[in-house]
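Chain residues, written in single-letter form:
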Amino acid sequence: MISSPLMTVMVDAVRKASRGLRRDFGEVENLQVSRKGPGDFVSAADRKAEEVLREALMKARPGYGLVLEENGVIEGTDKSHTWHVDPLDGTANFLHGIPHFAISVGLEREGQIVAGVIYDPVKDELFVAERGKGAYLNNRRLRVSGRTDMADALIAYGTPYLGRGSHPRLLREVGAVMAVAGGTRRMGSAALDLAYVACGRLDGYWERDLQTYDFAAGIILVREAGGFVASADGAAEPLAPRSVCAGNETLQRQLLALLKKSQG
Ligand code: IPD
Ligand code: CA
Ligand code: CA
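The structure contained in this document is the topic of the report that follows. (Residues numbered from 1 in each chain as written. Chains lettered and ligands numbered in written order. Predicted model: local features only at pLDDT ≥ 70, side-chain atom pairs only at ≥ 80, totals over all residues. Heavy atoms only, no water.)

So, the site of ligand 1
Heads up, the condition is: A cutoff of 4 Å decides nearness: a residue is near a molecule or strand if any of its heavy atoms lies inside that distance of it. Residues adjacent in sequence count toward polar contacts only when both atoms are side-chain atoms; beyond that, a polar contact is any pair of N or O atoms within 3.5 Å, and within protein one must be able to donate a hydrogen and the other to accept it. Computed by Shrake-Rupley with a 1.4 Å probe, the accessible areas treat only the displayed protein chains as cover when residues are assessed. Starting at the N terminus, helices and strands are each numbered in turn, a helix being any DSSP run of H or I of at least four residues and a strand any DSSP run of E of at least two. Residue classes follow a fixed rule: Ala, Val, Leu, Ile, Met, Phe, Trp, Tyr, Cys and Pro count as nonpolar, while Asp, Glu, Lys and Arg count as charged, and any other residue, Gly among them, counts as polar. All domain edges in this entry derive from an automatic or database-based domain assignment.
The full set close to ligand 1 counts 13 residues, and Asp-89, Gly-90, Thr-91, Arg-186 and Glu-207 are the nearest of them. Leu-88 has a polar backbone atom sitting 3.1 Å from an oxygen atom of ligand 1. At 2.8 Å, a side-chain N or O of Arg-186 approaches an oxygen atom of ligand 1. In the complex, the protein chains occlude 90% of the 380 Å² of accessible area that ligand 1 would expose alone. For the shell around ligand 1, the element with the most residues is strand β3 (residues 78-89), which contributes three residues. Counted by class, the shell around ligand 1 contains three nonpolar, four polar and six charged residues. In terms of domain composition, the shell around ligand 1 takes at least three residues from each of domain 1 (5-141) and domain 2 (150-262).

The following block contains the structure:
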């Protein structure tokens, strides 16, 4: 585990916000059967969690800026530091009672993500990474998978929701990957997809049309676990292009080539 003042701040904030989320997830199951569904209840849970994170992070590091899903951008006086905060990544899973979602907090310093925490409150899995200090799941040091043959690989991707992103492009990409990969997954949380690449459960992952708070923390997790991260078009820094392609050195390179080729 990493012991640094910064990690303490991030982990404390995330754990604090997770208590409400875990409680609210228990309620969601009861609301599935109502005609209106749990939509409003989940939005409120999401906002509450963000409020807890915002307060904790602002208190601990008053000058830092924030990019928040619900409250947008809050400019800080310290222009070199920005938090990227997703209080609930995997909302559709949460809403449908599927226990696969996470809180994600990444810290950007001068354009680079230098620390990340992703917490899955249902499985009690805490993924942390800090630049130069490694990546951990609970107390275990992480390493990306060692597989190098695409035919053995499990590759995840993200699908744009109704009315968003390019569905035809994604279908071409998925077609190209399915033709050669051992298996594919659409898990429903970009943050956990990257955390799973970092710990070797997934061999690769790509997604387009993301927001920075979806994948900021995941970038550092994969890199500190010895993996490679670029944008889906191969740009070295994925934050600005807001797309991501991650994996170990061999499979990430192959995945990037497949994505490129699929566009004809
Ligand atoms: C979403 C999840 C999903 C990804 C979407 C994101 P949300 O975040 O990360 O896996 O495919 O692009 O918007 O809305 O659940 O916070
Ligand atoms: Ca969210
Ligand atoms: Ca998200």
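Points about the coordination of the calcium ion (ligand 3)
As a reminder of what qualifies: Each metal's donors are the N, O and S atoms found within 2.8 Å of it, except that Na, K and Ca use a 3.2 Å limit; water is left out, so coordination can look incomplete. Accessibility here uses a 1.4 Å probe with only protein chains present; expressed as a share of the type maximum, an area under 20% marks a residue as buried, one over 50% as exposed, and anything in between as partly exposed.
Note on the calcium ion (ligand 3): its protein donors are Asp-86 (OD), Asp-89 (OD) and Asp-214 (OD). The metal-donor distances range over 2.1 to 2.3 Å. If you list the donors of the calcium ion (ligand 3) from N- to C-terminus, the spacing comes out as D-x2-D-x124-D. Metal-to-metal, the separation of the calcium ion (ligand 3) and the calcium ion (ligand 2) is 3.7 Å; Asp-86 coordinates the two. Its relative accessible area of 1% is what places Asp-86 among the buried residues.

With respect to the packing of helix α5 (residues 190-198) against helix α6 (residues 212-224)
Using the following cut-off: Interaxial angles span 0 to 180 degrees and are taken between N-to-C directions of axes, which are lines fitted to C-alpha atoms, for helices over the stretch in contact. When an angle is under 35 degrees it counts as roughly parallel; over 145 it counts as roughly antiparallel; between 65 and 115 it counts as roughly perpendicular; any other value is oblique. Contact definition: two residues touch when any of their heavy atoms are within 4.5 Å.
In the contact formed by α5 and α6, the axes pass within 8 Å of each other and the chain directions differ by 5°. When the axis of α5 is compared with that of α6, the two are roughly parallel. On α6, the residues touching Ala-190, Ala-191, Leu-194, Ala-195, Val-197 and Ala-198 of α5 are Asp-214, Phe-215, Gly-218, Ile-219, Leu-221 and Val-222. A per-class count over the contact of α5 with α6 returns ten nonpolar, one polar and one charged.

Regarding helix α2 (residues 39-60)
Stated formally: Any helix carries an expected span of 1.5 Å times its number of residues minus one. Directions drawn from the helix axis to the C-beta atoms are what define this arc.
The terminal C-alpha atoms of α2 lie 32 Å apart, and with 22 residues this matches the ideal 32 Å at 1.5 Å per residue to within 8%. Of the residues making up α2, those classed as buried are Val-42, Ala-45, Asp-46, Ala-49, Glu-50, Leu-53 and Leu-57. What you see down the axis of α2 is that its buried residues fit within an arc of 130°, all on one side. The exposed residues of α2 that point more than 90 degrees off its buried face are Asp-40, Glu-55 and Lys-59. Elements in contact with the buried residues of α2: α1 (5-31), β1 (64-68), β3, α3 (91-95) and β4 (102-109).

Remember that the coordinates give geometry; whether it matters functionally is a separate question.
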